[in-house]
Amino acid sequence: MEAPLTVQIVEFNTKVMQEELKKLGLKVNHHEANITFLKSEIYAIEESIADLTIKRGKKVVASSNGTSVQEAEQRTIESICNQDKTAASLICQLKKRHSAKISTMPMMKDILGVVATLGKTNDDNLSSLLSEYLGIDNMLGLVCKTYDGIKSLETYGTEGNIDKKSGIHGLGGSIGKLLHGRFTVFCLENIRPFSGEVVIDDPQRYLMLRKPRLPNGESPPGFLGFAVNMILMDQAYLSCLTPHGHGLRETLFYSLFSHLQVYKTTADLRRAIPFINDGAVSLDGGILRPNGSFCLGDRKDVEVKFTVALSSGDSNTPGSITEMEEQVKLKNWEKERLVEDIKREEDLLKQVKDSFSNQKQQLLDYITQSPAGKRVQGSPTIRSPATPGSNPFAATPGRNPFTSTPGSHPFATTPGGSPFAATTPGGHPIAATPGSHPIAATPGNISFAVKPPHMR
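Residues numbered from 1 in each chain as written. Predicted model: local features only at pLDDT ≥ 70, side-chain atom pairs only at ≥ 80, totals over all residues. Heavy atoms only, no water.

Per an unreviewed UniProt entry, the recorded name for the chain is Protein DEFECTIVE IN MERISTEM SILENCING 3, and the organism is Aegilops tauschii subsp. strangulata.

Chemist: Before we move on, can you summarise the overall build of the chain with the specific residues and values?
Modeler: Broken down by element type, the chain carries 16 helices and 10 strands. Burial analysis of the chain (456 residues in total) assigns 37% to the buried set. When contacts within the chain are restricted to residue pairs at least 6 apart in sequence, long-range pairs at least 24 apart make up 68% of them. Carbon together with sulfur atoms contributes 55% to the accessible area of the chain, which is approximately 26,700 Å² in total. (Helix = DSSP H or I, 4+ residues; strand = E, 2+ residues; numbered from the N terminus. Buried < 20%, exposed > 50% of the residue type's maximum accessible area, 1.4 Å probe, protein only. Contact = heavy atoms within 4.5 Å. Areas by Shrake-Rupley, 256 points an atom, 1.4 Å probe, with all protein chains shown as cover.)

Chemist: Give me helix α8 (residues 124-134): which residues, what numbers.
Modeler: Along α8, eight of the 11 residues are buried, which leaves the element largely enclosed by surrounding structure. All of the buried residues along α8 are Leu 126, Ser 127, Ser 128, Leu 129, Leu 130, Ser 131, Tyr 133 and Leu 134. Positive backbone phi, at 90°, marks Gly 135, one or two positions downstream of α8.

Chemist: Describe the nonpolar core, listing the residues and the values that go with them.
Modeler: By size, the foremost hydrophobic cluster in this structure holds 66 residues, and its most contacted members are Leu 130, Leu 252, Phe 253, Phe 257 and Phe 306. Tallying contributions element by element places helix α4 (residues 87-97) first for this core, with six residues. Here Phe 253 is in contact with Leu 118, Gly 119, Val 228, Ile 231, Met 233, Leu 248, Ser 258 and Phe 306, once residues within four sequence places are set aside. Core analysis: the next-biggest nonpolar cluster, separate from the first, contains eight residues, Ile 42, Val 328, Leu 338 and Ile 342 among them. (Core = buried A, V, L, I, M, F, W, Y, C linked by side-chain atoms within 4.5 Å.)

Chemist: How would you explain the sheet that holds strand β6 (residues 261-263) if you had to name every residue and give the values?
Modeler: Ordered in space as β5-β6-β7-β8-β9, the five strands form an open sheet in which the pairing is mixed. The open sheet terminates on both sides in strands that have one partner only, identified here as β5 (223-226) and β9 (294-295). In terms of strand pairing, β5 meets β6 through three bridges, oriented antiparallel. Paired with Gly 225 across the two strands is Val 262, which belongs to β6. (Pairing = 2+ DSSP bridges.)

Chemist: An account of the environment of Ile 273 is needed here, citing residue identities and associated values.
Modeler: When you line up the elements, Ile 273 lands in the loop between α14 (266-271) and β7 (280-282). Put simply, Ile 273 and Leu 288 are 15 residues apart on the chain and 9.1 Å apart in space, counted from C-alpha to C-alpha. Beyond its immediate stretch of four places on either side in the chain, Ile 273 contacts Leu 288 and Phe 294.

Chemist: Lay out the side chain of Asn 229 in plain terms, naming residues and giving numbers.
Modeler: Among the secondary structure elements, Asn 229 is positioned in the loop between β5 and α12 (235-238). Here Leu 207 takes part through its backbone nitrogen, which lies 2.9 Å from a polar atom of the side chain of Asn 229. (Polar contact = N/O pair within 3.5 Å; in protein donor to acceptor, adjacent residues only side chain to side chain.)

Chemist: Can you break down a nonpolar patch on the surface residue by residue, with the values?
Modeler: Residues Ile 273, Phe 294 and Leu 296 make up a contiguous nonpolar surface patch of about 290 Å² in total accessible area. Here Leu 296 shows up in the loop between β9 and β10 (307-308). A relative accessible area of 68% means that Leu 296 is categorised as exposed. (Patch = residues over 30% accessible without salt bridge, like charges linked within 9 Å, V, L, I, M, F, W, Y side chains within 5 Å. Salt bridge = Lys/Arg side-chain N within 4 Å of Asp/Glu carboxyl O.)

Chemist: Can you tell me about the pattern of salt bridges, naming the residues and giving the values?
Modeler: Tallied over the full model, the rule gives 13 salt bridges. Note that Lys 350 is salt-bridged to Asp 354, the shortest N-O span being 3.3 Å. Of this pair, Lys 350 and Asp 354 are both found in helix α15 (residues 318-369), four residues apart, which corresponds to roughly one turn of the helix. Accessibility expressed as a relative area gives 37% for Asp 354, which makes it partly exposed. Linked through salt bridges whose partners overlap, the residues forming this network are Glu 73, Lys 120 and Asp 234.

Pasting the structure below:
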């Protein structure tokens, strides 16, 4: 009875230690989940700080020089009209001077406009920079809704030559404006749209792009955002969607800018090169193309650029700028608190992990060092005394409790004889074979031999 009781004690203690180990494991998971959550909160705050920094750092020229949005738009159109013998110039002149005449033309209905007129920025320097990056051909590109609209712009003769009397060429000839050279046309329904998510609850439908991150989780110094999200659109163009529900930002402007990053300075841009995949620009004029080439030298005036205007709800009054600065300070304060919380959680996690390791080692030591623990470790179940291979009367397996010499019987003298013919020194016919027991026929199995008649 002593051995089973010892095993039960060992099993009980082992179970208690395992339960404690399980509790420590749950604590480890709890602290790790807290750290993951806090890091996601910091990420969201950094996103908000970056957006506020962009708004705070922009120079709202349109307001500071007293120019209204309408006047800024007219200046953009005039700059396009000055590009003589281009398709963009022709379309702008037709819409400006012959709007009633062309309003019923199917070809003109499919033309949404010129790239330079479909987007705005609220910073004159940024407008010039992005316009220079795209180049004059893209800025003067026509934007059609469907591929049928593109086909109607130009038709060809039997030998593949352009029919100058039809399409946009014929339309230009009708008002004395001839086209010269090639021109770019974008088809919205054929552009592969942005495959990610957009900010649905924002009227501008900004794209949810993953910002570059340093190993410490912060954005590279000087990073302001993505160019595609710095383009502002009027409500009329925001409601312009493809048959699949994609807007201009997800189609046209994403095809033009992709993940183009914007930095404060060229130095910031160059330090962040390992985190740039689709090119970058800096507010001081630096340009890194997606193919890895740099644009160096002096900047020149851009002939056609995006209209500069305030976005809805923005203001450049000192009060609004101060308010944004206060918001940035508040966000930074929240970030500092979260960083402290993460540090505290990391300390607690380390303590719990150390306790887990110590408890685990104690459990292993207890199992391996305890004699009863070794039995538990080797065999999780307690053998029954009746199990074959065990001797209920023997302290040592294979040894006869009634003999001092292993393998011999104190009463047997004639090996190989009959169990009832063999005699002991006293003439008692009891044992048959060496090592056999008068009441056990097989070692380890309990059986009672039938007594001879003279012994009954």
